[in-house]
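Here is what each chain is made of, one letter per residue.
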Amino acid sequence: MDRRIFCVKLLGSGLALGSLGSLASAETAGAGATAQKLKWHKSLKPAHKLAIETDKPLLIVFGASWCHYCHKLERETLSDKRLVAAIERDFIPVHLDFDRDAKVAKILEVERLPCTVILSPQADLLQKTEGYTDYKGYVKILQASLEQRSAIQQVQNQQP
């Protein structure tokens, strides 16, 4: 069974688990933006429901309390106010614990931490990145995921 079908089944089960220009503007804004906290969803099912309602992709970040680079990603990259604003505008952010949410991590083939998985509301895999990424790299990941989603939507709109 392919990953998309697995994701749809998982998201549909009872498991507790913008725009490109705006992101580009965030990237070129002044460096050293002050820290800000993302409003993370901690459960996948309600986050997926919200993703469908708002037509926004899920930004799933896997971390662990013991993972040094997970803390570094949250502290240095995901707390940048420009990135926080872009994520909250264009994505549904979900933070999952690699150990507690092992079933989801296995389905999404998470092998290294930190890991960012971006899924469309229909569970299409838009991006997957493992390891620490700095601000500029993360902006590129987000942009690429939105471009991928746009390409998928264009193909779907052309089908009868």
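Residues numbered from 1 in each chain as written. Predicted model: local features only at pLDDT ≥ 70, side-chain atom pairs only at ≥ 80, totals over all residues. Heavy atoms only, no water.

**Side note on the side chain of Thr-116**
Mapping Thr-116 onto the fold places it in strand 3 (residues 115–119). With a relative accessible area of 4%, Thr-116 lands in the buried category. Discounting residues that sit within four places of it in the chain, Thr-116 has contacts with Leu-59, Ile-60, Val-61, Gln-127, Lys-128, Thr-129 and Tyr-138. (Helix = DSSP H or I, 4+ residues; strand = E, 2+ residues; numbered from the N terminus. Buried < 20%, exposed > 50% of the residue type's maximum accessible area, 1.4 Å probe, protein only. Contact = heavy atoms within 4.5 Å.)

**Examining the sheet that holds strand 4 (residues 125–130)**
Pairing within the open sheet is mixed, and its four strands lie in the order 2-1-3-4. The open sheet has two free edges, formed respectively by strand 2 (92–97) and strand 4, since each of these has just one partner strand. Between one strand and the next, the sheet's axes are offset by a mean angle of 15°, whatever the strand orientation. Bridging between strand 1 (residues 58–63) and strand 2 involves six bridges; their strand directions are parallel. Among the inter-strand pairings, Leu-59 is bridged to a residue of strand 2, identified as Pro-93. In this fold helix 7 (residues 135–158) packs onto strand 1, strand 3 and strand 4, with an angle of close to 160° to the strand it touches most, strand 4. (Pairing = 2+ DSSP bridges. Axes fitted to C-alpha atoms, helices over the stretch in contact; angles between N-to-C directions.)

**Overview of the confidence of the model for the protein chain**
Averaged over the protein chain, the pLDDT score is 86; the fraction of residues at 70 or greater is 79%. In this model residues 12–21 is a low-confidence stretch, pLDDT under 50, and it forms 23 contacts with partners more than four residues away in sequence or in other chains. Within the model, pLDDT remains below 50 along residues 25–32, and this stretch shows 11 contacts once partners closer than five positions in the same chain are excluded. (pLDDT = per-residue confidence, 0-100.)

**Side note on unusual backbone geometry**
Residue Leu-113 is joined to Pro-114 through a cis peptide bond whose omega torsion reads -10°. On the secondary structure map, Pro-114 appears in the loop between helix 6 (102–107) and strand 3. Phi angles above zero are rare outside glycine, and Asp-55 is one such case at about 55°. Here Asp-55 shows up in the loop between helix 3 (44–54) and strand 1. Even without glycine at this site, Ala-123 takes up a positive phi of about 75°. Residue placement: Ala-123 occurs in the loop between strand 3 and strand 4.

**A closer look at the layout of surface pockets**
Put simply, the largest pocket is a space of about 170 Å³. Forming the boundary of the largest pocket are Gln-36, Lys-37, Leu-38, Trp-40, Lys-42, Glu-74, Leu-78, Ser-79 and His-95. Here the residues of the lining of the largest pocket sort into three nonpolar, three polar and three charged. (1 Å grid on protein atoms, 1.4 Å probe; cavity = no way out; pocket = protein on both sides within 12 Å on 5 of 7 lines; lining within 4 Å. Points joined across faces, edges and corners; volume = space filled by probe spheres on them. Nonpolar A, V, L, I, M, F, W, Y, C, P; charged D, E, K, R; others polar.)

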